[in-house]
Structure formats: C-alpha cells, structure tokens
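Residue-level structural notes
Single-letter residue listing:
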Amino acid sequence: MASILDEYEDSLSRPLTQSQGRGSIGVPLSGFVNARLEKETPIFNKQRIDFTPPENINSLIVCSNQLCMSLGRDSLLRIDLVKADQPNHVELGRKDDAKVYKMFLDPTGSHLLISLNSSECLYLNRNGQKVRTLSRWRGHLIESVGWNKFLGTETNTGPILVGTIQGQIYEAEISTSEGGLFSTNPDQYFRLVYTLTEEGGPAPVCCIDIERSSEGKCFIIATTRKRLFQFVGKLADGAEQQSFSSLFSTQKDPMPGFQEFPANLGYSEIAFYTSKMQSFPSSFAWMMGNGVLYGKVDHGRPDSVLTNFQVWEYPTDIDLRVNKPISIVLTQFHFLLLLPDRVKAVCILNGQVVFQDFFLEKFGSLKRMVKDPNIGQIWIHTEKAVFRYHVQRESRDVWKMYMDMGKFDLAKEYCKDKPDCLDIVLAKEAEHCFQSKRYLESAKCYALTQNYFEEIALKFIEAKQEEALMEFLRKKLGSLKQTEMIQATLLTTWLTELYLNRLGLLEGDAIKRPLYLETRDEFRFFLSSSKNKECLFNNRASIHDLLASHGDTEHMVYFAVLMQDYDRVVSHHCQHDNYDEALNVLSKHRDKTLFYKFSPVLMQHIPKKVVDAWIGMGKKLDARNLIPALVNYSQSGSSQQIKEAIRYMEFCVYKLEETEQAIHNYLLSLYAQYQPDSLLPYLLNAGTNPNRIHYDLKYALRLCAEHGHHHACVHVYKVMELYEEAVDLALQVDVDLAKSCADLPEEDEELKKKLWLKIARHVVQEEKDVKKAMVCLSSCSLLKIEDILPFFPDFVTIDHFKEAICSSLDAYNKHIEELKTEMEEATLSAKRIREDIQEMRNKYGSVEPQEKCSACEFPLLNRTFYLFLCGHMFHYDCLLQSVLPNLPTYKQVKLEDLQKKLLTSNPPVKSRHQPKEEDTISLGKGQQTREQIKADVDDIVAAECVYCGELMIRTIDKPFIDPQKYDEEMQSWF
C-alpha cells in the first residue's frame, strides 16, 4: 500500500489538466463558484395594490382569485382578480346602524357570508347582485364558518358548520337553486349540533375547519380562545349521510379531546397548509395566548389527527399587552404573524424570525391578514390600503436549517438542485458520521463531496479504518467520469492492492473463513464490474503483476478469464501440467488462435483428447495451421500420436471435404510411412482426373517410389497419363496390371499398340511364354501376328502360330472384299450425279406476261428477274434489297466486290454476228469473265427464295418495323 501512496503523491505534484473536473483526485475543490449575477429576491415579496378606497375598509377576504371587501357601512366591493379592471359594487341595503363584523368566502369563491354586529347574517352569491338575509340565522353573531370543500358547488354550499360567539356550532346549508313552491329563503336549514365550553361556560368558536382524508375519514378542528378541539370519525350511512350531526353525536365522552393553554389573547386563529400535490392539509399553526402551536396532520391516526406538537413562543419584541398578534398565515416552512405595524415571518424549523416588514404610519394600523388557499397569495389591509405578498422559492435556505438540526436526508432533499449546497451538506454529514465512528457511512458521504481526496484518504488511514477507506475508494471510483482515466487507474490499482492484502491476512485463519469468503466475493465482484471493465482491461498487465506479487494464482486465473485473456489462462494450466483443464478452456471459448498456439504442447501429452477437440471445432480450424503440431510428434515415432494424426487428417479429407493440397500431401506421407494398406484405396478414391485431385502428383510419385509402393506408383503414372512409364513399372509387378494400363490411351491407337507391343515383348522375351503371347494378341485388336513375330527366337516352330497366321490371312481377304464393294458403290453414285446435273441443265419454267414481282407487285418482265422452283418471282433489285441486310458480313463484302467488278467489266458487243460462247473475249489473264461474275452474284443473291428458304425462318422474331425507325414510322401515320 505504501507504493500506491507514493505513486499517488507523485500524481499530485504533476500539473492539473483542464479535463480534471468535479471529484478529480488530487484537485483541491473545497467548494463551488457561487457568483450571483443579480440581487436575490426575498422570499416574501410585498406589493401595494394600486387602489384607493372611497371609504374605509372594514373587512377583506380572498379565495380562488375572488376578492371581497366591505367599505364603510353599507357598501361591498367584489373584484375578480383575473379581470381586475371590472370591479362590482353591491349595496347592502341596510337602513339601521348595523356594521359588518366579519366576512366568510367559500373555497370556490362563489358563496359570501356577511356577519353583522347586530347578530344577523347576509348572503351574496357570486352570480347575483342582491344581498339576501338568512332568516334562520338571525340572533346569532357568527364568529367562524367551516366550509364543505367536497360537496360545495357554485349554487349550493352543501352541509357547512357555523360557529357563534356563544360557543355554539350549527350545521347549515345554503342553496340558490330553484326549490319548491314556497322555498324562497336560501338557507335550507340551521340546526345546533354541538356547544364548545371553556372553564365551565360557553366560549366563542374562534375557528372551525372541516377536512376529509383519502380513506373517507372526516375530521373537524374547532378552537376557542384557549382550547383546540378535534372531532374525528366517519359520517353515518343513510339518507342524511352528508350531515355532520352523526359525527358529533357519536362522541364517547361529554368533552371531546382538546389541547388547552393557560394564556388568553381574547381570541385565537388557526391556519392550515395544504401542498399543491395534495387535497388535504399536512400541517397547522394555532395562534393563541402562549405562542404558536405548530404540528403535523396525520390522517392515519385513529383518534387524533394532529400530532408532533411544538409551541413556538412569540418573539421577544412582541409585547402582548401593547401589540398582540392579529392574524396568522401558514406556509410550507414559515408562519406569518400580523402585528398592528408590521409583519413577522418565523421559520417553523427553528423558531427564528427570518423576515420582518414594517408599514408606514400613513397607511394606518394593520387590520387583517388572509391567504388565498388555492392561489397561495397573502393579503393584508388597513383602512386605507391593500397589500399583497408573493411567496417565492420558500425552500431556498431550508437545507441549512435541516443540516444544523442533523436532518441530513431532508437537507439533501431540499438542495438536490444546488450542487454547491449539496456538497456542504454531504461534507457536514460525513464529518458527523466520522465523529460518531460510523466510518462506512462517513466514507460514502465523503466520496460524494468535493473535499481533498488525499485528506480524506489519510484521515481513514490514520483512524486505521481500512474497510471504510475501501468503501470510500469504491464510491469515488464509481463517481468518476469516463475521461478521468488516470484517476480511475490509480483507484483501481489501490483497491486491488487493499483487497489482496486483506485476503492474504484472512486466508490462513480458519475462524475468519466466512469473512474471507465474503471478501473474496466482494473482490471478484469488483473485478467483474462492468463499470470497471474498461479500466481493468487497459491496466490488466499491472493487475496481473499485483496478483503475481501476492502469489494469488486463483485470482490470476479468475481475472484472466474476466479479461478474456485465455492465452494466460491456458499457459497457466500448461505450466502446472493441467493439460485437461487447458484443453477445456480452449474447447469452451473456441478461439482458433489459441488452438494453433497450444496444440503442439497438448498433442504431446493428450493427443486423443486434442484431436477430439479439433474434430469438435470442425471447419472453424484451419488444418494447415495444425500440421506443425502433427509433424513435430509424428517424426518422433509415437504410435498414439501418429494414429491420432491420421484420424484427424482423414476427418479433414473425408468429412470436411478439405481440398487444400498440403492436407492431402501430409495424409499421403502418413499413409506411405505408417499405414501403407490405406495408401492405394486413398489414391483410388481420389479418382483419375488430374483437375479434381487435391494432392501433388509429383510429390505422391516420389513418396511412393521412395517407400517401394509400386502399385501406388503405377496408379499415379496413369493419372499423370504417363502410360509408358506405368506399363514399364507394372510389368515389374504384374502383367495384368500392365494390360490395364495399356488399354487407357483409347484415342491414341499408335501409343496403345506400342504399349501392347511392350507387354508382348516382355511375355515373349522375359517370361518365354508363347501361349501368353497369343493371349496378348487376342486381347488387343491392333496387334497382328506379324507385329510380334520378330520377338520370337528363330528356333520356335510355326505350329504355335498356325492358327494365328490363318486368322490373319482370313482377315486380310475379308478386308479386300470390303474395299471392292465400296469402289463399286462409289462408281454408281458418280454416275447418278452426272445424270442429275444434265437433267437440271434442261429444266425450265414458263412466265406469263401479266406476272408480277412477289416483292414490289410491279410487272415482272419490265426488269431482270429470278424465278424459283417454289413459284415465287422477284426483280433482281427487289431480291437484292431483301437478301442483302440478312447476309453475313463477309458475304456482303464479297457481293459488293462482285458488283464493282461487274460494273468495270466490258459489256457484250451488240452486233449482228454474236460470237460463240467459247470465243468470248477474256477480261485478262487470270480474271473472271462477265458471265462468271454474274454466276457468282446469282449464287449469293438467288441461293434460295426469301419467302420459302432459311432466311424467313431466321427472321421470324424480327419486328416488322425497325426499332430505330419506329418513331418516324409512327409519326407518318398521323
């Protein structure tokens, strides 16, 4: 390991390249560049609404972008914030001195309830202009309303809960739809369902809220000045299943579960936070006398859905005797408190004030703060002005608070999009785990940070935490980019060294055997990891050297197999005389290069198995490359190796049908030397066609001659068509073999006769067997008795040849008779031919004056014409025009030449006395007469009728119109 550290320290001294980036080894990245191009906007961004009310603002409520405010004593202003330039003024129409006490707007922004201090309640629908009095509600000062978020529509509120200042909770329903004949009031019913008490007497219902979980469980939260009540359960089945009466009536105890605090502001207010991804709240904040009670809403709890309570006291600058908090609003991570002159935002994680905004005295004291539950905007008003807060990126600094609280998972969740912040959290978590001696967790976190690599590594080394160091190196290796090859090489080599050290320490300890096996599996997984494959492959030589230095042959082989370095694996097995395993590796991976390399060694020790493997590879192996392995040991004379060599060569020749000459030549040499009985069958099987024989004929002839295989030599001579040599050699072996050779030259009778004479001479002179000589004479029809007589000695009597001589004389007589017959037949044929010629000279045909040319249809007798035996008649020029295009080129040239000669020759003299034919003046010595030229022209032009001869048959597939003149011909028809 010291060598690895030395190499690592050397790498730190080298200059960094630009390719080294995040997480690069040796790069001192303690943080990120965090330059802000512009001032960051605050979380709570205030905006004053450009609006000057004509009268003082008494009350303001906002929901679903519907804003309603009470102005003066008898005026109501409604604004759809989507169309803010179209405000709607409504007069309450009150003639008494009643003032607006509170206003309540449902989640849809459709139903507005106006509570008057005269214990009356008015109703106004978003789609209506007339304010209607709720008669059933008269006599009750409404303090709070719990809207039905699940059944409410634009025309019907569904069952809702109403809290009064006397502590009573009523269930009611308002509908603007047309009902029965006499149902003119919008309030459908108004009945008491429960009464809240405090210290033995009724207490105002400051807030009431209705929620329902995804499982259908309903829970109602109601607050008084000091108490927080919970009503949890499922609504009863039946006709009135939507009514809340059943939920209140099923309470087991007279007093439901509640939270109570001693201090009293004279009022209280509860706020809920519901994320955009959910339909029910996840947290709440209750503003009461002792501070703000914050908690979570857990719908899975059977009785109490409010849990994880925590009371945050009011900031020290708030004097409850002078400036009590007026309203509260809850966001995801803060609650906002409205004071008479300012707004404070407190973080729910640590209770610290993170935002404070003072208002100018000219606007007057702050009256109320409300939040649009659907949009998320916060509204504040005084008597003279309206303000709006936008919540922007509220979670931007939450990670710091979670980190300081030790909640690192939450901290990482809220800074996963900020690499610089995430790095700080990871470093903090890593240090925390290290101090807590949770070294493995610390290593995993450190590997994800930008801290100095060497500092972290030395930190674990000093703490003697090798396992944590290995975990750190593994994680760091996994986070490297593909371009960071140097760093990957260093980490891979270091990890290999650490693994080998650990395996070496555990290997000999029987007690730690399970740990050894576990470490071995981890090491093998590391070596076989696909992500490390490229790096390990590029540095396989170094890894092999490390494995060799530790003497770990088991993992040397394992790593070589992973790297597909089968050369090294097979070499290892061969060095340890494990030839069977080496052959198994070769057979499994079927690498022909390795077969060629290791076959000589394996053939020496396990020849049969090697040949079996070769045969199993089939045509994937080139047998030529295996010949050296076979030749090397066939020369040593080992019968087993020679036998296997012949078996493989026969497999190549007969099964694979190998045509390579070297293969056949080598098999020939093996047969000639070690298995001569198979030599001649092989040669006979190869055939006698030299073009289809794959062995070298000259090599085969020399090989057979060297080893005295005369029959084989004769066969090779026959294939080479050296019949004389074949007969000469065959006569030394067997006369019958020589006879078979002598009959081979079938087309060359002279050679055949010569070969048979050789045989006859051998029989007469060498064997001195007259009877055999006579047999030879009868076996070849080309031999005559007179041909072999010179071979016999003078003392031989004629008795032995009497029969042969008589047969020869009979044959001569028969031949003479045949010649006479042929001469007589030839004489008769010549006579018939002369008679036919004479007859043709006297043959004639008659032509009528009205006859026309068969080609042009003009009168025939106007010009020179031809008459054919078939009856067709043509003008000379018409016939020439039809015949000329179809004549061969050489005849066209000859015809043209004859026509030129005809034009240049002297025409016959027209006189009273015509010269005789034999007295015709010659055109010159050696030149043709005019009549001869005409005859030659006639032979070409009038050789046959163009309509009845072969010319018509040859042109049967010729188009009637020449393709080159087709367009021209077609245009002529238009």
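The following refers to the structure shown. (Residues numbered from 1 in each chain as written. Predicted model: local features only at pLDDT ≥ 70, side-chain atom pairs only at ≥ 80, totals over all residues. Heavy atoms only, no water.)

**Here we look at the pattern of salt bridges**
Side chains bearing opposite charge may pair, as long as their charged atoms lie close to each other. Taken as a whole, this structure holds 36 salt bridges when the rule is applied. A salt bridge links D612 to K608, with the nearest nitrogen and oxygen atoms 3.4 Å apart. Taken together, the residues D612 and K608, both in helix α17 (residues 607-617) and four residues apart, mark about one turn of the helix. Under the relative-accessibility criterion, K608 is labelled partly exposed at 44%. When the shortest N-O distance is used, the salt bridge between D897 and K901 registers 3.7 Å. Placement of both D897 and K901 in helix α31 (residues 889-904) is noted, with a separation of four residues, approximately one turn of the helix. Classification of K901 by relative accessible area gives partly exposed; the value is 37%. (Salt bridge = Lys/Arg side-chain N within 4 Å of Asp/Glu carboxyl O. Helix = DSSP H or I, 4+ residues; strand = E, 2+ residues; numbered from the N terminus. Buried < 20%, exposed > 50% of the residue type's maximum accessible area, 1.4 Å probe, protein only.)

**Re the sheet that holds strand β26 (residues 342-347)**
With antiparallel pairing, four strands are arranged side by side in an open sheet as β24-β25-β26-β27. The open sheet has two free edges, formed respectively by β24 (327-330) and β27 (353-358), since each of these has just one partner strand. Strand-to-strand twist across the sheet, computed as the mean angle between neighbouring axes with direction ignored, equals 15°. Note that β26 and β27 share five bridges and pair antiparallel. In the sheet register, A345 faces β27, and the bridge partner there is F355. (Pairing = 2+ DSSP bridges. Axes fitted to C-alpha atoms, helices over the stretch in contact; angles between N-to-C directions.)

**What about the pairing of β24?**
Here β24 shows a buried face lined by S327 and V329 and a second buried face lined by I328 and L330. Two elements, β24 and strand β25 (residues 334-338), share four bridges in a ladder whose sense is antiparallel. From the neighbouring strand, I328 faces β25, where its bridge partner is L337. Connecting the antiparallel pair β24 and β25 is a turn made up of three residues.

**A closer look at the nonpolar core**
Membership of the largest hydrophobic core comes to 73 residues, with the highest contact counts inside it found for L602, W614 and Y648. Of the residues forming this core, the biggest block, eight residues, is contributed by helix α19 (residues 639-655). Not counting residues within four places of it along the chain, the set of residues in contact with L602 comprises C574, Y579, A582, L583, L586, P607 and V610. If you look at the next biggest cluster of nonpolar residues, it comprises 39 residues, including M470, L477, A488 and L500. (Core = buried A, V, L, I, M, F, W, Y, C linked by side-chain atoms within 4.5 Å. Contact = heavy atoms within 4.5 Å.)

**As for the packing of helix α15 (residues 579-589) against helix α16 (residues 592-605)**
Across the interface, α15 lies against α16 with an axial gap of 11 Å and an inter-helix angle of 150°. As far as their axial angle goes, α16 and α15 are roughly antiparallel. The crossing of α15 and α16 is left-handed. Contact residues: α15 offers Y579, A582, L583, L586 and S587, while α16 offers L594, F595, F598, V601, L602 and H605. Of the residues assigned to the contact of α15 with α16, the class counts are nine nonpolar, two polar and no charged. (Parallel < 35°, antiparallel > 145°, perpendicular 65-115°, else oblique. Left-handed = near helix turned anticlockwise from the far one by under 90°. Nonpolar A, V, L, I, M, F, W, Y, C, P; charged D, E, K, R; others polar.)

**Remarks on the state of the cysteines**
One pass over the full model with this rule turns up zero disulfides. For C421, which is in no disulfide, the shortest distance to another cysteine sulfur is to C415 and amounts to 5.9 Å. The thiol sulfur of C945 is not disulfide-bonded, and the nearest other cysteine sulfur, from C870, lies at 3.6 Å. For C945, a relative accessible area of 6% puts it in the buried group. (Disulfide = S-S within 2.5 Å.)

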